[in-house]
2 protein chains.
Amino acid sequence: MNEETERRLTIDDVAKVAGVSRSTVSLVLRNSGLVSERTNIAVREAAERLGYVYNRTAAIRARHSYLVGIIIPDLTNPFYSELTAGVDQILNDSGWISLLGNSWESPASQEKILRRMHEQNVDAVIVCPVTAADHTAAENLTRSGLRVLQVLRRTEADTSYLGIDYSHGVALAVDHLFELGHTDIVLLGGDRAYSAATERYEGYMSSMRSHGLEPKHVPCALRRSAAADKVRELFDKQNRPTALICFNDVVAIGAMATLERMGLKVGRDVSVVGFDNVADAEFVQPPLTTVDTHARQLGERAAMLVLDSIQNGSSIAPTTIMETSLVVRDSTGRAPSRA
Amino acid sequence: MNEETERRLTIDDVAKVAGVSRSTVSLVLRNSGLVSERTNIAVREAAERLGYVYNRTAAIRARHSYLVGIIIPDLTNPFYSELTAGVDQILNDSGWISLLGNSWESPASQEKILRRMHEQNVDAVIVCPVTAADHTAAENLTRSGLRVLQVLRRTEADTSYLGIDYSHGVALAVDHLFELGHTDIVLLGGDRAYSAATERYEGYMSSMRSHGLEPKHVPCALRRSAAADKVRELFDKQNRPTALICFNDVVAIGAMATLERMGLKVGRDVSVVGFDNVADAEFVQPPLTTVDTHARQLGERAAMLVLDSIQNGSSIAPTTIMETSLVVRDSTGRAPSRA
DNA sequence: CTGAAAGCGCTTACAG
DNA sequence: CTGAAAGCGCTTACAG
């Protein structure tokens, strides 16, 4: 940390050593083809020798900041960390870098992050909006004049959207359980307050009806412990379901743990389907049948959409929907025969 | 996205509307106490009304960039996402924002990220260095003239360091198993190529010896699947251990899944101890006994150390070590009696 | 192909 | 307390 003593080198220092003008150094550093091979080399050598580091912050007239924001509700959820890793990967490959913001589902926090990213002059922001029904939060996404891509959750904000076909995903789960002979299939989790939840709900309802089955939705917070509590309630009663479709894998893992503790064998006494196909899904006991939402690829796609738009100065494709796929493991099995 | 048409507002626009000079607006926006209450309000109102957003990028003469980099080897590992969430939380609370970089354990990638963060003029970078024994990578950490805090892994680079007392953590695990009557205790995972691994190894060795037990280390890559493979090998033979201390929870979860598949009951036939106390540890079957490394608090502490140093213009405390604690759950039990 | 000059949107002494 | 001027380290027309 010798910033205090030695000031940071500038483009002028490089110019002096290379024996060219400041403009020329600037052109070389930005890989402009305009400069002769000889000058090019001389400048690069000088920069290297001096240990010069480009100061992008000072390039306020440049077209891009090479910063893209990514705002998610909970980095601690493995689905979101996969998604974020996907975004980061693609951004890095193209020379951009990610500004991270974890909103913890708080509209106020999302606001603060969004504004700070704007202040940092990001080229775009990829945001998975908070679920709280906060109109201001949604509006601010558009009002800002920023390039915004909403992911996973569609709010009223009129921005581009990259989503998942949740409805179809849930239908895959219902079909799978129906084929195994299940009829009492509960949807566990979600509160229908935001698109990712309502879409699942609608997919569940229509798919159940098309099979002539009675739907039953049990809302539940998206934490392992909340799921554990709900399941205890649900299975304490007489009319136990034979199958659970969980809002996501985190809920499913919480549910399974409780079922096993209650002495119910998952995959035999009760079938459980998760959603997301998180890394652990394969390694819990029993391995979890789940709807894969391809988090990593989703993140990668988000970054690509945004970079495309930045580099071409075009707007982001208004709507992109990605498909899910069912991964069958041991947490689902034939419905137990009614005694 | 009307940047194309409407240019971004500047401090001068605000000044004109508020009827003051550019300097005054600048002072107000930075909460300088020098400005009168009346002027303060007038300027803020004007800014608000116009929808002005401060352009921090242009403040190249300002003392801070309000950017702090965080470089980790794998965001997908729940330990690191907790850590990152902790860092992000504290930074946000203080008005800073995190630049994320996922190195995937690649020295080249770490280099690239580090340089890009430097170019973005970060106030500091918190880095969990790649494990590959790459001297250049380590040296570059110091050479850069950046404010750097190494976390978890200590390289040759002469920077400040925030770590965990791994050695003591492993000793806690060995003691616990010893008290349960175990004598054949294997350390699974780690390759001793970097500090976080050697420290665990040394803690294991000395603790085993102090109990008069024969140590046995089985190296293993830190992925669930690699752990699964190693365990299959290890338990295919005659001389099976009765207990496993795993490098981290991810390894433990992979190991447990395999053991159960082989028909061994974890907590009865074999005891398994993890490391980290990841969120899932409580919810796998059986719940995992593990050494809690307090990832979230570690991240928070890292951010605090760095912010302190930025705000006071001082250097970061050279060494900080945090303690672990043992969380006993059901994956460990009394050693099976020898037939 | 290269350089001198003006400019980006802020901050920082310096006067008053 | 406030403003005019110079400055930060780059980029961008514009000449030649």
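None of these values were measured; they are calculated from a predicted model. (Residues numbered from 1 in each chain as written. Chains lettered and ligands numbered in written order. Predicted model: local features only at pLDDT ≥ 70, side-chain atom pairs only at ≥ 80, totals over all residues. Heavy atoms only, no water.)

Asker: I'm lost on the domain arrangement of chain A in this one. Help?
Answerer: By a frequent convention, interface size equals the accessible area lost on bringing the separate parts together. As far as domains go, chain A holds domain 1 (11-58), domain 2 (67-164 + 295-323) and domain 3 (166-293). For domain 1 of chain A and domain 3 of chain A, the distance between their C-alpha centroids amounts to 60 Å. (Domains from an automatic or database assignment.)

Asker: Whenever I open this one, the pairing of strand 2 (residues 97-102) of chain A confuses me. Can you help?
Answerer: Every other side chain in a regular strand lies on the same face of the sheet, so the side chains alternate between the two faces. The buried fraction of strand 2 of chain A is high, at six of six residues. Burial of strand 2 of chain A is two-sided: the residues Ile97, Leu99 and Gly101 of chain A facing one way and the residues Ser98, Leu100 and Asn102 of chain A facing the other way are all buried. When strand 1 (residues 67-72) of chain A meets strand 2 of chain A, the two strands line up parallel, connected through six bridges. In the sheet register, Gly69 of chain A faces strand 2 of chain A, and the bridge partner there is Leu99 of chain A. Crossover handedness for the path strand 1 of chain A to helix 4 (residues 78-93) of chain A to strand 2 of chain A: right-handed. Relative to strand 2 (residues 97-102) of chain B, strand 2 of chain A runs antiparallel, the two being bridged by three bridges. Following the sheet pairing, Leu100 of chain A is matched in strand 2 of chain B by Ser98 of chain B. (Buried < 20%, exposed > 50% of the residue type's maximum accessible area, 1.4 Å probe, protein only. Helix = DSSP H or I, 4+ residues; strand = E, 2+ residues; numbered from the N terminus. Pairing = 2+ DSSP bridges. Right-handed = clockwise from strand over helix to strand, strands pointing away.)

Asker: I'm lost on the protein's contact with DNA strand C in this one. Help?
Answerer: Around DNA strand C, 25 residues are found, and the nearest of them are Thr24 and Thr39 of chain A together with Arg22, Ser26 and Tyr54 of chain B. Sugar and phosphate atoms form 66% of the subset of DNA strand C atoms that lie within 4 Å of the protein. Separating a phosphate oxygen of DNA strand C from a side-chain N or O atom of Arg30 of chain B is a distance of 2.8 Å. Counting residues per element, the ones that place at least two in the surface near DNA strand C are helix 2 (22-29) of chain A together with helix 2 (22-29) of chain B. (Near = heavy atom within 4 Å. Polar contact = N/O pair within 3.5 Å; in protein donor to acceptor, adjacent residues only side chain to side chain.)

Asker: When you look at the interface of chain B and chain A in this model, what are you seeing that I'm missing?
Answerer: Opposite the 61 residues of chain B that make contact, chain A presents 61 residues. Summed over both partners, the interface of chain B with chain A buries about 5700 Å², with 53% contributed by carbon and sulfur atoms. At the boundary of chain B with chain A, the tally comes to four salt bridges. At the junction of chain B with chain A, the criterion picks out 24 residue pairs in polar contact (both at pLDDT 80 or more). Those elements that place two or more of their residues in the side of chain B that touches chain A are helix 4 (78-93), strand 2, helix 5 (107-119), helix 9 (224-236) and helix 10 (249-261) of chain B. (Contact = heavy atoms within 4.5 Å. Buried area = accessible area lost by both parts, 1.4 Å probe. Salt bridge = Lys/Arg side-chain N within 4 Å of Asp/Glu carboxyl O.)

Asker: How should unusual backbone geometry be read in this particular structure?
Answerer: Across the chain, the bulk of peptide bonds are trans and the bulk of non-glycine residues have phi less than zero. Geometrically, the link from Gln285 of chain A to Pro286 of chain A is a cis peptide bond, its omega value of -10° lying close to zero. With respect to the helices, strands and loops of the structure, Pro286 of chain A is situated in the loop between strand 9 (271-276) and strand 10 (289-292). At Glu105 of chain B, a position not held by glycine, the phi torsion is positive, near 65°. Note that Glu105 of chain B resides in the loop between strand 2 and helix 5. Residues other than glycine seldom take positive phi values, yet Asp276 of chain B does so here, at roughly 125°. Here Asp276 of chain B shows up in strand 9 (residues 271-276).

Asker: Can you walk me through the relation of the copies chain B and chain A in this structure?
Answerer: In summary, the two copies of the chain are related to each other by a rotation about an axis coupled with a shift along it. Mapping chain B onto chain A leaves a residual RMSD of 0.0 Å; the transformation is a rotation of 180° accompanied by 0.0 Å of translation along its axis. What the rotation and shift describe, once combined, is the action of a two-fold rotation axis. Taking C-alpha positions as the reference, the residue of chain B nearest the rotation axis is Leu99 of chain B, at 2.3 Å. Interface residue correspondence from chain B to chain A reaches 100%, placing this contact among same-surface, isologous pairings. (Least-squares fit on C-alpha atoms with pLDDT ≥ 70 in both.)

Asker: Help me out: how do you make sense of the pattern of salt bridges in this one?
Answerer: One side chain can pair with another of opposite charge once the charged atoms of both are near each other. Residue and element names in this part refer to chain A. Overall, the coordinates contain 15 salt bridges over all chains when judged by the stated rule. Across the salt bridge formed by Asp229 and Arg232, the nearest N and O atoms sit 3.3 Å from each other. Residue Asp229 and its partner Arg232 are both found in helix 9 (residues 224-236); the two are separated by three residues, about one turn of the helix. What makes Asp229 partly exposed here is its relative accessible area of 43%.

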